[in-house]
Structures are given as C-alpha cells and as structure tokens.
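# Inside the fold
Read off the chains here:
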Amino acid sequence: MNQESYRIDRRELIIGSAAAIATSTAGCRGESETGPAEGAPRRDVPLRIALSGSERDAEAIARGWGAISEQPLRITTMAFDRTESDAFANTLLEEIANSDLAIYPLAFIAEAVAAESIVTLSDDDFEMMEQSAGSMAPALRNGAARYAGDNVAVPLGGLLPAILSNEEFEPVQSWDQYDELVEQVWKGSAAEPSAPGWAAAMFLWRSSGIKSWLFGREDLQPLVETEPYVETLEQMVSTHAKYEFKRQTPAQVWEGVTAGQWRGGIGFPNVRVESDGEFRILNLPGTSDISKVLLDGFSPVVSLSANCRQSAAAKQFMQWICGGEGSRAIRQQVPGMSDIVGWDRDGGGDDAILTQSSYDQWLGRRLNAPVTLPCLQLLRAGEYYGALDQQVGLALDGEVSAESALSAVAEKWAAITGEVGRDRQLRCWRRAQGMRA
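Residues numbered from 1 in each chain as written. Predicted model: local features only at pLDDT ≥ 70, side-chain atom pairs only at ≥ 80, totals over all residues. Heavy atoms only, no water.

## Here we look at the packing of aromatic side chains
- The full count for this structure, using the stated rule, is 23 aromatic pairs.
- Centre to centre, the rings of W175 and Y178 are 5.6 Å apart; their planes meet at 80 degrees, and the pair counts as edge-to-face. Pair noted here: W175 and Y178 are both in helix α6 (residues 175–185), with a separation of three residues, about one helical turn. You'll find W175 and Y178 in the same group, each marked buried.
- Note on W254 and F279: the rings are 5.4 Å apart at their centroids and 75 degrees apart in plane angle, and the pair reads as edge-to-face. A residue pair is termed long-range when its members are at least 10 positions apart, and W254 in helix α9 (residues 250–258) and F279 in the loop between β10 (264–267) and β11 (280–282) qualify at 25 residues. Each member of the pair, W254 as well as F279, carries the same accessibility label: buried.
- One aromatic cluster is present, built from ring pairs that chain together F80, F88, F108, F298 and Y385.
- Stacked on the ring of W198, the Lys or Arg R82 has its end atom at 3.4 Å from the ring centre. (Phe/Tyr/Trp six-rings, centres within 6.5 Å; stacked < 30°, edge-to-face > 60°. Helix = DSSP H or I, 4+ residues; strand = E, 2+ residues; numbered from the N terminus. Buried < 20%, exposed > 50% of the residue type's maximum accessible area, 1.4 Å probe, protein only. Lys NZ or Arg CZ within 6 Å of the ring centre and 35° of its normal.)

## With respect to the pattern of salt bridges
- Counted under the stated rule, the structure contains 14 salt bridges.
- Across the pair D339 and R331 runs a salt bridge, and its minimum N-O distance is 3.1 Å. An identical accessibility class is assigned to D339 and R331; each is buried.
- Ionic contacts of the salt-bridge type, sharing partners, join the residues R328, R331 and D339 into one network. (Salt bridge = Lys/Arg side-chain N within 4 Å of Asp/Glu carboxyl O.)

## Here's the deal with the sheet that holds strand β9 (residues 162–165)
- Across the sheet, which stays open at both edges, the three strands sit in the order β10-β9-β11 with antiparallel pairing between neighbours. Unpaired on one side and paired on the other, β10 and β11 mark the two borders of the sheet. Ignoring which end each strand starts from, the neighbouring axes of this sheet average 25 degrees apart.
- Here β9 pairs with β10 via four bridges, running antiparallel. Counterpart to I163 in the pairing with β10 is I266. (Pairing = 2+ DSSP bridges. Axes fitted to C-alpha atoms, helices over the stretch in contact; angles between N-to-C directions.)

## Here's the deal with helix α4 (residues 123–133)
- Within α4 the residues assigned to the buried category are D125, F126, M129, E130 and A133. For α4, the arc enclosing every buried residue in end-on projection is 130 degrees, short of the 170-degree limit, so these residues lie on one face. (Arc of directions from axis to C-beta.)

See below:
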C-alpha cells in the first residue's frame, strides 16, 4: 500500500488544559510492567502516528494539533479501502511497530491485541480524558473502547445509519413497513448504503435484531445461512429493487436527501456537519434509543502502541483528538469521525452539541445506548467482511439468490476459521463480546 509521511514543526503553545493527562506516570507498556516514570512530553522528539487515511487527513490533524501544542508530529499514512481490506492488518501491524500511536479501523483491534501491538489504558486514563473533554458515549465506550473487558482504544467516530426524508412520514416499525414507505410514499426516490464496501455493513445493520448473532457461541459455526439472515437479505433485495438510486454510499444518500433531490432513504454524512436544515431523522426499523447498537467495523479508533517511546505526549494527543479544544474542526474534515464525548448520561448533551445538526442530536441519543453488538472483530477481519460484502452485492444485483449468497458466505467464513484455528478465533470472538476468553 502507498504510504506517505507528514510532519509539522513546533509552534507556540496556546492552550494548557490539554496537558492534564500528561501528568500520568504510567509507561506505554502498561501498569503491570516496570519502567522509568515519564514526565512532561518532550518537545524535541516527534510523536509518531500511524494513520489509516489520506495525506489530506494527516494535514488536517497536523494543523489542528499544531494550533494547541508545540509537540511535533510525524504521521505515516496507511491507505485503506473498504472494498480491499483483506491485507490491511499486515500493514497496520508493521506501522504500529514503528509508531507511538495508531489511528485505524475498529475491526482490526483483534489483530492488534493478538499481536501484542497495542497496550491497555487504565480506567484512570479514561477518567482524566472525560474530566477534560466530557463524558464518552456509552455505546462507544462499550463497543469500541473496550475489548475483553480492557480499555484498548479511544473511539474517534461512531456514525450510524438513520432513515432520512424531507417529508413528514410515520415512523416505521418493521422492514416490511419501510419497504411500503419506499414504494408507496417515496415512489422509489430513495436509496440505502449498498455500494461496494457498504453492502455488508447495511446487511449487518438490518440483521442487528436477530437474537443469535453471526456465529455459534460455542463452536463459531457461521449462522448467516440460517433462516433469519436469509429472510433479512431477501427483504433487502426486494426493497433494493424498488429504489431509483442503487448501490449508493451513506454519504451519497445523505447528500441526495438533504439537497432535496431524493425523497428519502437510509444514510449519514461522511463527516460531522454544523447544520443540516429541516428534515426528518428516525431510527431504523426494529431499533430504539435503548436497543443494541452495532458500530461500523471500519469506524476509526486510536490506540497506544506497545513500542510507544513517550506515553505522556501520546496520551495528551489522545485526549485532544477525542474532544479537546479545536478537535471538533478535525471531525468536519476527516471521514468517519464524529463527536464521541460531551454527551450527558441522560442521553442529551452539552449546549455545544445540542446546538449542532439534527443528525448530531439524533446520533447522541443512539450512542447513549449502553448495550452493543460486536462487529467482525476477528483475526483476518477484512476477509470475513469482504466475503460478506461480495455476496450481498451479488444478491442485490440479481446474480444469485439470497440463500445461495449466504451459503457461500458461511462456507468462506468456515474456511477462514479453519485456517486461523477454531479455538484461537473463538477466543477473539468471545473477547469482542467483552469476555476474558
């Protein structure tokens, strides 16, 4: 994959509040290992960051950080494509080994933990972050920050799909009702995420109400070829045939609806927005503000490298990017990022967030749900996801039946599990559900 480096020079320090977390004396190897205590961040040594993203993303982060800190950055970018995520884990592990921090997709936490490439953060670290930046949304804390009961990452985004429309319509309680809304009310002038790289994500969001989630808990047997999943894909295929606009990304749906070109659909913005005008935003069928939340497996997180050489500076950066002064502007520029702190525990939000877009307000309520479903946090996660995305896409294009598509997925998943090792992979899956397996 193409890699590029971006470095900013030291600038005048204009903020002091972000330095609170730098007083931590825990080393990068974690509290269980001994080592010299680390004091204030050094200003003469660049903070090394491996970033899953583009040079433009790196420049945005560098500018924002440079406005509040003298600490220089050296950012190495790792190109990432949702449609070609199979080999990304290898690149990630190579870059983490030479970095202090890594910003990467949520689904690859299992790989990083198994390789001992990242280290846990203490509860005190999280408390210090929240004292400075605000309370982290429960769904993000439980579904992205924690793995096997440990704090292994700080989430940087948690964008979720919603039903969108410029018109008044009654809330839909089932996917059958949504299908009728598309056909009878919107007359097909709608879409949902189904572009290559997104078809699997939308299928998983549609399936999130199924009780037995993806794999057998004792044997890791794929469940996607069972009746509930087949019926879900058949419903998705049926509705997809009614859409005037097919194989769209969430951002394309958002743009089509907010611009008034389409009557409705399912989507979300590519980056957080300050204002989105007057239009309706409702939960997906079968979900509520207290139901389980499924995060996109490619949502960004940031972790501390096991080879970190300056933990105080690294933790200061983590505190800043998750909600420190000036970081909100970054979330308007870097795809996948959203507000992740500052939400009140009762589901509302601070004044700054409540004055933002209606989507931000809706998202805050959804992320207040404390119960989450694990995404495909497995070894070789990109291969599991790619197999599902390909087959769901074939079904949407009418090339195979829903049953045949999911049978092929189950066969591929079982093969990958066999190659990795069932016991090893089962431990990863249990850890993704918060178990110390």
